[in-house]
Each structure stands twice: as C-alpha cells, then as structure tokens.
Amino acid sequence: MTALSICLALLAALGNAGASVLQRRAAADAGAAGSAARGSWAAGLLHRRVWVWGAALLAVSGVLQALALATGPLSVVQPVMSTELMFTLLLGGVVFRRRPDTRTRWAFAAMAVGLAAFLALADPSGGRVAVPVGDWLWTAVGAGAFVGLLIAVSPRLAPAPRAAVLGTATATGFACTAALLKDALGRLPDGVGEVLGSWQPYAAVGVGLASFVLLQVTLRAGTLVASQPALTLGDALLSVVLGVTLFAERVHLGWRVVFEVVALAVLVAGCVGLARSPLVADEVEGDGSW
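Residues numbered from 1 in each chain as written. Predicted model: local features only at pLDDT ≥ 70, side-chain atom pairs only at ≥ 80, totals over all residues. Heavy atoms only, no water.

Let's talk about helix α8 (residues 159-185)
Formally: Only DSSP runs of H or I covering at least 4 residues are called helices, and only runs of E covering at least 2 are called strands; the numbering of each starts at the N terminus. By this rule the span expected of a helix is its residue count minus one, scaled by 1.5 Å. Exposure classes here rest on a 1.4 Å probe applied to the protein chains alone. A residue is buried below 20% of its type maximum, exposed above 50%, and partly exposed in between.
Its 27 residues place the ends of α8 38 Å apart at the C-alpha level, agreeing with the 39 Å of an ideal helix rising 1.5 Å per residue. In terms of burial, α8 is a largely internal element, 19 of the 27 residues being buried.

So, the environment of A184
Examined against the element boundaries, A184 turns out to sit in helix α8. Taking the C-alpha atoms as reference, A184 lies 9.2 Å from V129; in sequence the two are 55 residues apart.

Some points on the packing of aromatic side chains
In plain terms, the rule: Pairs were defined over the aromatic rings of Phe, Tyr and Trp, the Trp ring being its six-membered one, requiring ring centres within 6.5 Å. Orientation was assigned from the angle between planes: stacked under 30 degrees, edge-to-face over 60, tilted for the rest. The criterion is that NZ of a Lys, or CZ of an Arg, lies within 6 Å of the ring centre and within 35 degrees of the ring normal, and then a charge sits over that ring.
A full pass over the atoms with the stated rule returns 2 aromatic pairs. Here the aromatic rings of W255 and F259 are separated by 6.2 Å at their centres, their planes lie at 75°, and the arrangement is edge-to-face. Its relative accessible area of 48% is what places F259 among the partly exposed residues. Stacked on the ring of F247, the Lys or Arg K182 has its end atom at 5.7 Å from the ring centre.

Structural notes on the pattern of salt bridges
How we decide: Here, a salt bridge means any side-chain nitrogen of Lys or Arg that lies within 4 Å of a carboxyl oxygen of Asp or Glu.
Summed over all chains, the structure comprises 2 salt bridges. Across the pair R128 and D135 runs a salt bridge, and its minimum N-O distance is 2.6 Å. Residue classification places R128 among the partly exposed residues on the basis of a relative accessible area of 32%. Accessibility expressed as a relative area gives 28% for D135, which makes it partly exposed. When the shortest N-O distance is used, the salt bridge between D183 and R187 registers 2.9 Å.

Describing helix α10 (residues 200-221)
Note the following rule: Note: the arc covers the axis-to-C-beta directions of the helix.
In a regular helix each residue adds 1.5 Å, so 22 residues correspond to 32 Å; α10 covers 31 Å between its end C-alpha atoms and thus fits that length. Every buried residue belonging to α10 is among Q200, P201, A204, G208, S211, L214, L215, T218 and A221, and all of these are buried. What you see down the axis of α10 is that its buried residues fit within an arc of 140°, all on one side. Summarising the geometry of α10, the exposed residues directed more than 90 degrees from the buried face are Y202, L209, V213 and R220.

A word on empty space enclosed by the protein
Filter applied, for reference: A pocket, in this scheme, is an open set of points on a 1 Å grid over the protein atoms alone with protein on both sides within 12 Å along at least 5 of 7 lines, while a cavity is a set where a 1.4 Å probe fits but cannot get out; residues line either one if an atom lies within 4 Å of a point. Grid points are joined across faces, edges and corners, and a volume is the space filled by probe spheres set on the points. Ten residue types, Ala, Val, Leu, Ile, Met, Phe, Trp, Tyr, Cys and Pro, are classed as nonpolar, four, Asp, Glu, Lys and Arg, as charged, and the remainder, Gly among them, as polar.
All chains considered together, the criterion is met by 1 cavity of 30 Å³ or more. Considered as a void within the structure, the largest cavity measures approximately 40 Å³ in volume. Contributing elements (two or more residues each) for the lining of the largest cavity: α6 (102-122) and α11 (224-247). At 3 residues, α11 tops the list of elements feeding residues into the lining of the largest cavity. Residue composition of the lining of the largest cavity, by class: 7 nonpolar, no polar and no charged.

A word on the confidence of the model for the protein
Short version of the rule: On a scale of 0 to 100, pLDDT captures the predictor's confidence in every residue. Whether two residues touch is decided by their heavy atoms; if any such pair falls within 4.5 Å, the residues are in contact.
Overall, the predicted model of the protein reaches an average pLDDT of 81, with 84% of residues at or above 70. Highest mean pLDDT in the protein belongs to helix α7 (residues 133-153) (94); lowest belongs to helix α2 (residues 38-46) (51). Note on residues 282-290: pLDDT under 50 across the span, and 18 contacts to partners over four residues away in sequence or across chains.

Some words on the nonpolar core
What counts, and what does not: The set of buried Ala, Val, Leu, Ile, Met, Phe, Trp, Tyr and Cys residues whose side-chain atoms join them within 4.5 Å is what this entry labels a nonpolar core.
Of all hydrophobic cores here, the largest spans 39 residues; its most connected members are L74, M111, A179, L242, L246 and L274. With 6 residues, the single largest contributor to this core is α6. When near neighbours in sequence (up to four residues on either side) are disregarded, A179 contacts L74, W136, L242, L246 and F247. L150, A163, L166 and A169 belong to the second-largest nonpolar core, a separate cluster that totals 9 residues.

With respect to the packing of α7 against α8
How we decide: Here an axis means a line fitted to C-alpha atoms, over the contact stretch when the element is a helix, while the angle between two N-to-C directions is reported on a 0 to 180 degree scale. For classification purposes, angles smaller than 35 degrees are called roughly parallel, those larger than 145 roughly antiparallel, those between 65 and 115 roughly perpendicular, and all remaining angles oblique. By convention the crossing between two helices is left-handed if the near helix lies anticlockwise of the far one by an angle smaller than a right angle, and right-handed if it lies clockwise.
Contact geometry of α7 with α8 gives a least axis separation of 8 Å together with a crossing angle of 160°. Overall, the two elements α7 and α8 adopt an arrangement that is roughly antiparallel. Two packed elements cross with a definite hand, and for α7 against α8 that hand is left-handed. Only V165, L166, T168, A169, T172, C176, A179, L180 and D183 of α8 make contact with α7, whose side of the interface consists of W136, A143, F146, V147, L150 and I151. Taken together, the residues of the contact of α7 with α8 sort by class into 12 nonpolar, 2 polar and 1 charged.

Description of unusual backbone geometry
Unlike most non-glycine residues, D123 shows phi in positive territory, near 45°. Relative to the helices and strands, D123 resides in the loop between α6 and α7. Residue class for D123 comes out partly exposed when judged on its relative accessible area of 36%. Here the phi dihedral of A248 falls at roughly 55°; this positive angle occurs in a residue that is not glycine. A relative accessible area of 40% places A248 in the partly exposed class.

Below is the structure:
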C-alpha cells in the first residue's frame, strides 16, 4: 500500500506541476494578447483551453492526492508531493522551450537524491486510521499559535525573510489541511455518510482556503527564491511531524539520524537551487537560457 501511495503522490505532484505550467502558459498568452483591463484579462483566461485544461488537471491531481493519503502514511505522501517543484521545472522546460543550465541540473539531482535518501532512511510506516479529538485540539492550539506568531512577526522583517516566514506559516496550514483530509478519508470504509458526517472534511476546506489566501500574501511579500523552499520543505517536514504525533506513524531514528540530517541538507540545497531557476520565478532571460 505504501508503494501505491507513493505512485499516487508522484502522479498528483506531476498533475499539480502540469496544471501550473499550463496556466502559466495561458497567462503568458493572455498577456501577449494585450488585454488592457484586469477584468477582461482574467475573463480571457476562462476562454482559453490551455487554462481550462490546467484547472481540470489540478482537480484530478487533488483526487490523486486524496487517494494517496487514504492508502499511505502522511509522512510519506506529503514529502513525495514536494517533487512538484522538480516536475514544474521539467515540464516548464518543455513547454517554454528553455534548457536548464548545469547548476539547475545539479539542483534537480540533489533534491531527488536527498528526498529519496531521507524517505529510505526514515522509512515511515504504520499508524492509526483516525485521530482522537483531544489530539486535534492540542494540534489546533499549537499550529494556530505558531502561525499567528509568524504572521505577527513578518511585517517587521525585510522582504526576503518576510517571504520565508510567511512561507513557513503557509506550509503549516497546508500540512494541517492534508492531515485533516487523511483523517476524514480514514472513515471512508464506514461509508461516505460517515465521512460527510464528521467535522474533519469541513475543517480541511476551511484551513485549506485560509492557507490559499495566506499563500497569495506570501507570494507578494518577497521573491519566490525566498518563499519556495519554506513552502516546499515546510509542508514536507511538518507533515512528517504530524504523521508521527497525530497518526502514530513510525519513523526510524537512532544511528540513522546523522545520515537523515545529511539527506535533508542535500534536499534543502536542491530545493533552494531549483527555486532560483528563472523559469520557476518567471524571470526568463532574453537569450532564452535558464
């Protein structure tokens, strides 16, 4: 089942990346068309097949992620979902006809190797299907206080650290959304009515929407180079913590800790390197290179 969840998570990450690239393509075409008014530009996107296909692909990837969470540990699915950044680079290079430079290729390899090594060493497994309400209350208090503190501190920071801090807050919200969704889907064997009758799916929608709004604030706070590593890695690592604390998933530590730290360092370096890619940041140079 873990292998199945990894495959589903990879497909979901690929779908998210494809949706992002298609919608960026549509936005670029709409901008090139020279729509003067913002409203007409936004309305024009809805009439572009590329944008609609991107939206449809995003919906499909959401279903795939839900299936991955229903069949595998949270501490496996969400880290695997971080490969969306790599897929975005790969697909973006094809669609926008940009060739990555050597440094981008090394960053791609570093993130892939770091993620694979960390998951192989930590080897998350097991866990319970449902989370007691008491555990959710403690998590809500802790996560809420953490996010609130980050938001309160952010206005006093320079643009780059502000984006990183808000990115961490946003990642916390997305990690909690995934955990709520997994808890809700754990009731699926008892019937759809049991899922819809629980509070978790509605909390997931609420937290997810709030996180999406916070994401827009994050993206406006500073460069993608500052926010993307916090968004990508924050979601992955916080999901491992939530998987262990909420779902009692087992993560191997002991003598492996040193190597896990090294794997995480390689993963962070790769993520930062990919975030610097002009294609990801929508900063393509005039000569057509990355």
